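Letter by letter, the chains look like this.
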Amino acid sequence: MAKKQFKAESKRLLDLMIHSIYTNREIFLRELISNASDALDKRYYLSLTDDTQRVDKDKLKIHIEIDKENRTLILTDTGIGMTDKELENNLGTIAKSGSLDFKNELDKAEKNIDIIGQFGVGFYSAFMVAKKIIVETKSAQTGESFAWVSAGEDGYTISPITKDEIGTKIILELKDDADEENFSEYLDSYTIQELVTKYSDYVRYPITMMIETSQPKKDKPEETETIIEEKTLNSMIPLWKKNKKKVKPEEYNDFYKSKFMDWEDPQKVIHYNVEGNISYNALLFIPSKAPYNFYNADYEPGLQLYCKGVFIMDKAKDLLPDYFRFVKGLVDSDDLNLNISREILQQDRQMKSLASSIEKKIKSNLDEMLKKEREEYEKFYANFGLTLKYGIYQDYGMHKDKLQDLILFKSSKEDKYVTLQEYVDRMQEGQEFIYYACGDSIDSIKKLPQMERLQEKEYEVLFFLDDVDEFAINILQTFNDKKFKSVNQGDLGLDSEEEKKEKEEKAKENESLLNSMKDALSSKVKEVRISSRLKSHPVCLVSEDGISLEMEKVLAQAPMNQGIKASKILEINPNHDIFKTLQKLYDKNPDAVKNYADVLYNQALLIEGLPIEDPIEYANKVCEFMIEANKGAVTK
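So, a few notes on the structure that sits alongside this text. (Residues numbered from 1 in each chain as written. Predicted model: local features only at pLDDT ≥ 70, side-chain atom pairs only at ≥ 80, totals over all residues. Heavy atoms only, no water.)

Tallying secondary structure elements over the protein gives 20 helices and 22 strands in all. Every one of the 636 residues in the protein was classed for burial, and the buried ones make up 49%. Taking as baseline every contact in the protein between residues at least 6 positions apart, the subset at least 24 positions apart corresponds to 70%. Summed over all atoms, the accessible surface of the protein reaches about 32500 Å², with 46% contributed by carbon and sulfur. (Helix = DSSP H or I, 4+ residues; strand = E, 2+ residues; numbered from the N terminus. Buried < 20%, exposed > 50% of the residue type's maximum accessible area, 1.4 Å probe, protein only. Contact = heavy atoms within 4.5 Å. Areas by Shrake-Rupley, 256 points an atom, 1.4 Å probe, with all protein chains shown as cover.)

In structure tokens, the structure reads:
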């Protein structure tokens, strides 16, 4: 039969496996057993939904055989088997879920980074230990049998064979030992037993193997004899159905890393069961780090869904709200309809009840972590806090009451994370607002001109460093009846009655100067006015309530940029020397104020991180002022 070639990306992966530099080769057995377990799930599910495919559950198992003489390791399952087309699709190409991600990450990976197991490379991992693989399979659905044979990169063949039992048999012809490469260890029964216990103890089908054991002779107890008997290597009790008091942390960690293709232990484990209107077992994990593609559009959130121990769905995204999409894990319920379709499942009343229960459990665990394990919560928040803030903003704020107590911000108080409740609890007497400032970094925010008066009064300011922050807070509007107030938006409420009166008088005295500057700037600003928020800086830009300057910057970067602008106001410090210069200049040459107004406006734009409309014109005007200053002239 003509040999077929692997796809290009499959060849790349095969090359990595065949010439692997990784030491964690043992995961091949975990992958093959997982595939066999999936095949058994499918056959059992088929037997429950198709009367013609009835099968005794006791006959569903995985058997491992070691043939030291021929250097082969054989795995046989009584699962659903594969047709020739399924062999082509499953073994001839990498599954879509892993191919591109693995290939892209491989291009960037350094040689000492172990990325095996992160992308579900599954069957291909067997080439790390095998020089040739034979797959013999008989499909439960068609009754036809085929063999898939490959020695790796040179391609594969598929041919019809005769096979009595339904299921799949995988024969691995192990590589020869060389130097420090000891592939013979996988022909050792103790090694295989250890690997099954380590990686696959949770598989609910028996994994069996013929084991040599010594026992006393019946007629001569003082002597021993060696017998060979079939032994089940795994406990067959799914980890999520065990009493959590009897599960060791390392068992959770190994299960998580094996099941969800992570290489680090989870930060938190949530293992519980519920009995009531809908009963279920759940084993949930919060990863210790965000997956590399977590904020990409192709990231697929969701929990694995089992019903009565039968696998239903891999990514049941309807079980998790989007703001808890970082949670991984599985749910096993006896109360769901086995025959239900995926489309109906999404609308199923029991599914909605299940999702609501899971959401409450995750929320309560995060609340508890925040109160009792603050350091751990802050570590979690550094990874996934952005998701919580997006949750407040999404769906027109429908979830804000659930999430507002979970969000944290750094603040001017101690540069530490603070909750909104903690901020409110330590507000100063008479403080009207919850103040915040936006910027790219804490240092840049601290240098903002608008921060000076607040720092002088020792009012705490929250630092908003993510694009979504101000949008989320605008959805909240208030917390504990305290309004949020940006340091560069509207009236900050800092002035005493005496200061307000003084400000009004100065504005009235300089009304013509301010109007002249406004006219010079035309539609660029709505108003030029005396500032009460500046102390040592000459000018700043602020905006009216509504779209802020920071929002304008964020929206300008959006793909569907509609040119939305903040209503800008140029504030000038009446106690700064530049204002005195403007007063003198206006008295002598009112028209000269126009250039000064333009330069000051552009400076304020730069401080806010906003673009200047005409950088060349701005640079030329600054140079002109420098030349004039060198002449000792006041006017241009």
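Packing of helix α8 (residues 349-372) against helix α9 (residues 374-393) leaves a shortest axis separation of 5 Å and a crossing angle of 125 degrees. Of the possible angle classes, the one that applies to α8 and α9 is oblique. When α8 is examined against α9, the residues Leu366, Met369, Leu370 and Lys372 are found in contact with a partner set consisting of Arg374, Glu376, Tyr377 and Phe380. Residue composition of the contact of α8 with α9, by class: 5 nonpolar, no polar and 3 charged. (Axes fitted to C-alpha atoms, helices over the stretch in contact; angles between N-to-C directions. Parallel < 35°, antiparallel > 145°, perpendicular 65-115°, else oblique. Nonpolar A, V, L, I, M, F, W, Y, C, P; charged D, E, K, R; others polar.)

By secondary structure assignment, the location of glutamine 450 is in the loop between α12 (442-446) and α13 (452-456). Judged by relative accessible area, which is 0%, glutamine 450 ranks as buried. A polar atom in the side chain of glutamine 450 sits 2.7 Å from the side chain of glutamate 608. For glutamine 450, the residues in contact, after removing those within four places along its chain, are Val487, Asn488, Arg533, Leu534, Cys540, Leu541 and Glu608. (Polar contact = N/O pair within 3.5 Å; in protein donor to acceptor, adjacent residues only side chain to side chain.)

What follows deals with the side chain of threonine 419. You can see threonine 419 is positioned in strand β15 (residues 417-419). Residue classification places threonine 419 among the buried positions, given a relative accessible area of 7%. If we ignore the near neighbours within four places in the chain, the residues touching threonine 419 are Leu370, Arg374, Ile407 and Leu408.

Let us look at the packing of α9 against helix α14 (residues 468-476). How two helices sit against one another is set out by the angle between their axes and by the gap between those axes. Across the interface, α9 lies against α14 with an axial gap of 8 Å and an inter-helix angle of 40 degrees. By the angle between their axes, α9 is oblique relative to α14. In the crossing of α9 with α14, the sense of the turn from one axis to the other is left-handed. Of the residues in α14, those touching α9 at Leu386, Lys389, Tyr390, Ile392 and Tyr393 are Val468, Asp469, Phe471, Ala472, Ile475 and Leu476. A breakdown of the residues in the contact of α9 with α14 according to their chemical character gives 9 nonpolar, no polar and 2 charged. (Left-handed = near helix turned anticlockwise from the far one by under 90°.)

This brings us to the sheet that holds strand β7 (residues 207-216). Strand order in the open sheet made by the 8 strands is β5-β4-β3-β6-β2-β1-β7-β8, with mixed pairing throughout. Of all the strands in the sheet, the pair left with one neighbour each is β5 (155-160) and β8 (224-232). Each strand of the sheet is rotated relative to its neighbour by a mean of 20 degrees, with strand direction disregarded. With 8 bridges connecting them, strand β3 (residues 130-138) and strand β6 (residues 167-174) associate as antiparallel partners. Looking at β6, one finds that isoleucine 133 is bridged to leucine 172. (Pairing = 2+ DSSP bridges.)

The next subject is the environment of leucine 476. Its place among the elements puts leucine 476 in helix α14. Separated by 75 residues in the primary sequence, leucine 476 and aspartate 401 have C-alpha atoms spaced 8.5 Å apart. Filtering out sequence-adjacent residues up to four positions away, leucine 476 remains in contact with Ile392, Lys400, Gln404, Ile407, Leu420 and Phe484.

All right, on to unusual backbone geometry then. For methionine 236, which is not glycine, the phi dihedral falls at a positive 70 degrees. Secondary-structure assignment places methionine 236 in the loop between β8 and α6 (249-259).

The next thing to look at is the pairing of strand β16 (residues 433-438). Of all 6 residues in β16, 6 are buried, a share of seventy percent or more. Residues Phe433, Tyr435 and Ala437 point to one face of β16 and Ile434, Tyr436 and Cys438 to the other, with burial holding for every one of them. As paired elements, β16 and strand β19 (residues 482-486) share 4 bridges and run parallel to each other. From the neighbouring strand, isoleucine 434 faces β19, where its bridge partner is phenylalanine 484. The sheet contact formed by β16 and strand β17 (residues 461-464) spans 4 bridges and is parallel.

With mixed pairing, the 6 strands of this open sheet are ordered in space as β15-β14-β17-β16-β19-β18. The sheet terminates laterally at β15 and β18 (478-479), the two strands that pair on one side only.

Moving on: the packing of aromatic side chains. In total, this model carries 29 aromatic pairs according to the counting rule given. For the pair tyrosine 393 and phenylalanine 471, a centre-to-centre distance of 5.7 Å together with 75 degrees between the ring planes defines the contact as edge-to-face. Within this pair, whereas tyrosine 393 is found in helix α9, its partner phenylalanine 471 is found in helix α14, the two being separated by 78 residues in sequence. Tyrosine 393 gets classed as partly exposed once you look at its relative accessible area, which sits at 37%. In this structure an aromatic cluster arises from ring pairing among Phe294, Tyr295, Tyr299, Tyr323, Phe324, Phe326, Tyr377, Phe380, Tyr381, Phe384 and Tyr417. (Phe/Tyr/Trp six-rings, centres within 6.5 Å; stacked < 30°, edge-to-face > 60°.)

Close approach of charged atoms allows side chains of opposite charge to pair. Overall, the coordinates contain 43 salt bridges when judged by the stated rule. The shortest N-O distance in the salt bridge between arginine 71 and aspartate 176 comes to 3.9 Å. Separated by 105 residues along the polypeptide, arginine 71 in the loop between β1 (62-67) and β2 (72-77) and aspartate 176 in the loop between β6 and α5 (189-200) bring together distant segments of the chain. The closest approach of N and O atoms between aspartate 322 and arginine 325, which form a salt bridge, is 3.3 Å. Note on aspartate 322: relative accessible area 39%, which makes it partly exposed. Arginine 325 sits in the buried class, given a relative accessible area of 14%. (Salt bridge = Lys/Arg side-chain N within 4 Å of Asp/Glu carboxyl O.)

For helix α18 (residues 577-588), spanning 12 residues, the distance from its first C-alpha to its last is 17 Å, which sits close to the expected 16 Å at 1.5 Å a residue. Along α18, the residues that are buried comprise Ile578, Phe579, Leu582, Leu585 and Tyr586. Projected down its long axis, α18 shows its buried positions confined to an angular sector of 125 degrees, all on one face. Of the exposed residues in α18, those oriented more than 90 degrees away from the buried face are Asp577, Lys584, Asp587 and Lys588. In the core, the buried residues of α18 are packed alongside α16 (511-521), β20 (527-530), β22 (568-572) and α19 (593-607). (Expected span 1.5 Å × (residues − 1). Arc of directions from axis to C-beta.)

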